[in-house]
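# Observations on chain architecture
Each chain, letter by letter, is given below.
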Amino acid sequence: MILAIDIGNTNIVLGGFEGETILFIERISTNQAATDLEYASDVKTALDVHNIDPKEVQGAILSSVVPSVTNTFQRAVQKYLNVSVTVVEPGMKTGLNIRYENPRELGSDRIANAVAVSTLYGGPSIFIDFGTATTYGVVSAKAEFLGGAIGPGVRMMNRALSTGTAKLPSIELVLPPQVIGRTTVSNIQAGILYGYIGSVEKIVGQMKQELGGENIRVIATGGMAHLVKSNSDVIDEINPDLTLTGLRLIYERNIG
């Protein structure tokens, strides 16, 4: 079994792969103050819940957008599982031509998403990852990562509005039935969520225009993907395992 690890700003997602089959997925909270031992305990708990013997894990691959956690989690996995942990970084075999001016600036999670989209769907395709930040990427029919866009996620917008104002509360992220709200809560919900969906539609539409082609698929992953898809026709398909699948593919292309 191969352990794929995606370290995000809010959660760390663990996925166990046997070949192309996902055996389990678990999430733990990202804690920049956690020690090797604490994270090792989290990994142990995740495997125990799914009755996975640690000896079944043959290797691990890790992507991270939180540098302060990367080495800590890598050491934790190595200590507990006694396996080598491959960290996704520039220079690895991805099967993609990275058309970024400085590839070192490109987040490893976006590389994993691009690899998965290019392999599973081909190009031209647009992918959106609805995480703490909302990241967009484009892969061409020639297996090129052309670039993309980055914006705030919905929860970040909600938090910024409540902390940056004196009277506006943090609200539950539920789409109201209409944009014209009659309460402060429904006003905020409408402003954040309808505005967010509109921004996704605008960015994707502009990307399609710049690509200048037809039959451009839009693949989404992450927590808000279902809300956007159910209220807009901008997304063609949701793949909740996109990043983990990309990590598995990168592992196979570099480790075997």
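Along each chain, residues carry numbers from 1 onward, in the same order as the chain's sequence is written. Predicted model: local features are reported for residues with pLDDT of at least 70 only, side-chain atom pairs are reported and counted for 80 or more only, and whole-chain, interface and lining totals are derived from all residues. Hydrogen atoms and water are omitted, and side-chain values are computed over all heavy atoms in the structure.

## Looking at the sheet that holds strand β2 (residues 11-18)
At least two bridges found by DSSP between two strands is the condition for calling them paired. Counting from the N terminus, the helices are DSSP H or I runs at least four residues long and the strands are E runs at least two residues long. Here 5 strands make up an open sheet; going across it, the order is β3-β2-β1-β4-β5 and the pairing mixed. Two strands in the sheet have a free side with no partner beyond their single neighbour: β3 (21-29) and β5 (85-87). Put simply, the sheet's adjacent strands are angled 20° from each other on average, direction ignored. Between N-to-C directions, angles span 0 to 180 degrees; the directions come from axes that are lines fitted to C-alpha atoms, helices contributing only their stretch in contact.

## Remarks on the confidence of the model for the protein
pLDDT is a per-residue confidence score from the predictor, ranging from 0 to 100. A residue-level look at the protein finds 100% of positions with pLDDT of 70 or above and a mean pLDDT of 94. The least confident element of the protein, judged by mean pLDDT, is helix α4 (residues 154-163) at 90; the most confident is strand β11 (residues 237-238) at 98.

## Some remarks on the packing of aromatic side chains
Centres within 6.5 Å make a pair out of two Phe, Tyr or Trp rings, where for Trp the six-membered ring is used; the pair is then stacked when the planes are under 30 degrees apart, edge-to-face when over 60, and tilted otherwise. Enumeration over the complete set of coordinates arrives at 4 aromatic pairs. Geometrically, the ring pair formed by Y39 and F73 is tilted, given 4.9 Å between the ring centres and 55° between the ring planes. Of this pair, Y39 sits in helix α1 (residues 36-49) while F73 sits in helix α2 (residues 67-81), placing them 34 residues apart in sequence. Y39 sits in the buried class, given a relative accessible area of 1%. Take F73: its relative accessible area is 0%, and that puts it in the buried class. Exposure categories follow from relative accessible area, calculated using a 1.4 Å probe and restricted to protein chains: below 20% of the type maximum is buried, above 50% is exposed, and the middle band is partly exposed.

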